[in-house]
Structure formats: structure tokens, C-alpha cells
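Fold and contact review
Listed below, chain by chain, are the residues.
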Amino acid sequence: MEKVQGEGEMERRERADQLSEAERAMIRDTWGRVYEHCEDVGVSVLIRFFVNFPSAKQYFSQFRDMEDPEEMEQSPQLRKHARRVMNAINTVVENISDADKVSSILGLVGRAHALKHKVEPMYFKILSGVILEVLSEEYPDCFTVDVQRVWTKLMGAVYWHVTAAYKEVGWVQLSSSAV
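Let us look at the structure shown here. As a convention, each chain's residues are numbered from 1 in the sequence order in which they are written. Only residues with pLDDT of at least 70 get local features here, since the model is predicted, and only at 80 or more are side-chain atom pairs given and counted; chain-wide, interface and lining totals rely on the full set of residues. The basis for the side-chain values is all heavy atoms of the structure; hydrogens and waters are excluded.

**Brief notes about the packing of aromatic side chains**
Where two aromatic rings form a pair, the distance of their centres and the angle of their planes describe that pair. Stated precisely, the cut-off is as follows: Only rings of Phe, Tyr and Trp enter the pairing, Trp through its six-membered ring, and a pair is recorded when the two centres are within 6.5 Å. The plane angle decides the type: under 30 degrees is stacked, over 60 is edge-to-face, the rest tilted. Remark: exposure states derive from per-residue accessible area (1.4 Å probe, protein chains only) relative to the maximum for the residue type, with buried under 20%, exposed over 50%, and partly exposed in between.
Inspection of the entire model under this criterion finds 12 aromatic pairs. Where Phe143 meets Trp151, the ring centres are 5.9 Å apart and the plane angle is 45°; that geometry is what we call tilted. A single burial state applies to Phe143 and to Trp151, both of which are buried. Through a chain of ring-to-ring contacts, the aromatic side chains of Phe49, Phe50, Phe53, Tyr59, Phe60, Phe63 and Tyr123 assemble into a single cluster.

**Notes on the packing of helix H2 (residues 21-35) against helix H8 (residues 145-168)**
What counts is decided by this rule: A fitted line through C-alpha atoms serves as each axis, taken over the contacting stretch for helices, and the angle formed by two N-to-C directions is quoted from 0 to 180°. A run of H or I in DSSP counts as a helix once it spans at least four residues, and a run of E counts as a strand once it spans at least two, with each numbered from the N terminus. Orientation labels follow simple angle bins: below 35 degrees gives roughly parallel, above 145 gives roughly antiparallel, 65 to 115 gives roughly perpendicular, and whatever is left gives oblique. By definition, residues are in contact when any of their heavy atoms lie within 4.5 Å. Note that Gly is not counted as nonpolar here; it falls among the polar residues with everything else outside the nonpolar set of Ala, Val, Leu, Ile, Met, Phe, Trp, Tyr, Cys and Pro and the charged set of Asp, Glu, Lys and Arg.
Interaxial distance between H2 and H8 falls to 10 Å at its minimum, and their mutual angle equals 100°. The angle between H2 and H8 falls in the class roughly perpendicular. Residue-level contacts link Glu23, Met26, Ile27, Thr30 and Trp31 of H2 to Asp146, Val147, Arg149, Val150, Trp151, Lys153 and Leu154 of H8. Across the contact of H2 with H8, the residue classes tally to seven nonpolar, one polar and four charged.

**Some details on the nonpolar core**
Spelled out, the test is: Within this scheme, the nonpolar core is defined by two criteria: the residues are buried Ala, Val, Leu, Ile, Met, Phe, Trp, Tyr or Cys, and they are joined through side-chain atoms within 4.5 Å.
Of all hydrophobic cores here, the largest spans 50 residues; its most connected members are Phe49, Phe50, Trp151 and Leu154. When residues of this core are traced back to their parent elements, those giving at least two are H2, helix H3 (38-52), helix H5 (76-94), helix H6 (99-116), helix H7 (122-138) and H8. In terms of residue count, the dominant contributor to this core is H7 (nine residues). The residues contacting Phe49, other than those within four sequence positions of it, are Pro54, Ala56, Tyr123, Ile126, Leu127 and Val130.

So this is what it looks like as C-alpha cells:
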């Protein structure tokens with residue numbers, strides 16, 4: 001095992017290694033089916049996210065004022081962001097066996113959202129729940145209870161890594177009632 005620098009680094013490594021090989025295989029298998037339709041699934045996720053949590057739209061000047069789900073669905077900017085979200089998840093899944101790479105990828109995502117976009121980290125937790133909900137509904141045949149459990153574990157690791165990046169940059173919560 002690689003030498004670990006400090007207590008926080010050791011905790012990160014333990015978190016990144018939570019998924020077994022069988023669980024990683026489940027994620028790869030189910031993700032392959034989802035990713036075939038990545039833009040449409042991503043749009044469904046973002047529309048549900050913005051309809052159920054409209055305060056999240058404050059970070060998106062391009063579609064901040066859209067209320068109608070059909071208008072959102074047609075928005076080129078929303079579709080572009082949906083592809084970016086799905087591609088980020090794809091990158092995590094493609095590298096799921098490389099804990100350091102996953103940590104690095106999610107660190108970049110976390111730092112960008114903290115420093116550049118100033119997004120409250122709680123929205124990552126909310127978005128993770130929406131992703132799981134949409135995938136379970138749109139792919140009921142492959143998102144069994146066991147698969148949902150494994151994906152919940154993955155989304156927890158994603159959230160953990162992203163928020164670790166927020167902590168590293170000294171994020172200070174802007175508000176406690178953003179939702």
C-alpha cells in the first residue's frame with residue numbers, strides 16, 4: 001500500500017475503496033445501459049432537479065427563469081449541462097477501479113463548483129438523490145434493489161469526494177436555508 005501522508009488522506013483512501021469488485025461490475029453494467037441515452041437521461045434528471053428544487057436554478061443564468069419543464073427540455077444550455085453531468089459520471093464509472101483517479105476527478109468538480117460557480121455543496125447530495133430516483137424509474141428492469149443499494153453507495157462516495165474538495169478550499173456555507 002502506498003504511504004499515506006496524513007490522517008485525512010488515509011480516510012479519503014478508505015472511502016474510495018468502499019466498493020467491492022462485484023459492486024463495481026454492477027455499476028459498470030447498469031451504467032452502460034443508461035449511458036446509451038445519456039443526454040435524454042441527463043435532461044430528465046436536471047428537469048426533475050430544477051422542478052423539485054427550484055432554488056438550484058439560481059446558479060444557472062441561462063435557464064434560471066425557466067419554469068416550464070417542456071421549455072427546459074428544449075433548452076440547448078440545459079441539454080449541454082445535462083451532457084456534462086452525465087459525462088462526469090461516465091468518467092467516474094470508467095475509472096471506478098482507480099480510487100486515486102476518481103478522487104482527482106471529483107476533486108476538480110468540487111473545486112470548480114466551490115470556487116468558480118459558488119454552488120452550495122448540499123445541491124450535490126440532492127442531485128445524487130434525483131439521479132438515483134430517475135435511474136430507478138427509467139430503468140426498472142436493471143435497477144433492482146441490490147443495484148440501487150450499490151448506486152446509493154457510489155453516490156455517497158461522489159458526495160464525500162466533492163465535499164472534501166470544498167473543505168480543502170476553505171468553503172464557508174453561504175446560507176442554511178437554500179432549499
